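An overview of the molecular structure
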Amino acid sequence: MTLFEKIISREIPAKIAFEDEEVLAFHDINPQAPVHVLVVPKRVIPRIAEAQPPDGTLLGRLLLTAKQIAADLGLNESGFRLVINSGRNGGETVPHLHVHLLGGRPMHWPPG
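The sections below set out a description of the structure shown in this document. (Residues numbered from 1 in each chain as written. Predicted model: local features only at pLDDT ≥ 70, side-chain atom pairs only at ≥ 80, totals over all residues. Heavy atoms only, no water.)

**Digging into the pattern of salt bridges**
- If you walk through the whole model with that rule in mind, you get seven salt bridges.
- Between E19 and K42 there is a salt bridge whose closest N-O contact spans 2.8 Å. Here K42 lies in the loop between β3 (35-41) and α2 (56-72) and E19 lies in strand β1 (residues 16-19), a separation of 23 residues in the sequence.
- On the basis of relative accessibility, which here comes to 24%, the residue K42 falls in the partly exposed class.
- We note a salt bridge from R43 to D55, for which the minimum N-O separation is 3.0 Å. With a gap of twelve residues between them, R43 in the loop between β3 and α2 and D55 in the loop between β3 and α2 connect regions that are remote in the sequence.
- Overall, the relative accessible area of 9% leaves D55 in the buried class.
- Shared partners join several salt bridges into a network, and the residues in it are R10, E19 and K42. (Salt bridge = Lys/Arg side-chain N within 4 Å of Asp/Glu carboxyl O. Helix = DSSP H or I, 4+ residues; strand = E, 2+ residues; numbered from the N terminus. Buried < 20%, exposed > 50% of the residue type's maximum accessible area, 1.4 Å probe, protein only.)

Below is the structure:
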């Protein structure tokens, strides 16, 4: 069971930003920006590299949820960044697909 599955099942506490039947969003415990929210599907997809065409609706739901949370947190005017890591070299640390919503400071490119 991944760390995120334990958060979804409430075995591990988290500061919840959003929840519905398909998605849970919570504030990262090691934030990389003033706003750092993880948007996670409740159904496990290990990583974007393993997503399949039938997962398309859920993947879209993750992005739309991140957009709404950004708006709710007042990030639309200043801007925000969405990040999906995949695999070891992509920076993935939990094998459960998730979107990082980062904001509240200028983001630089390349991200490093």
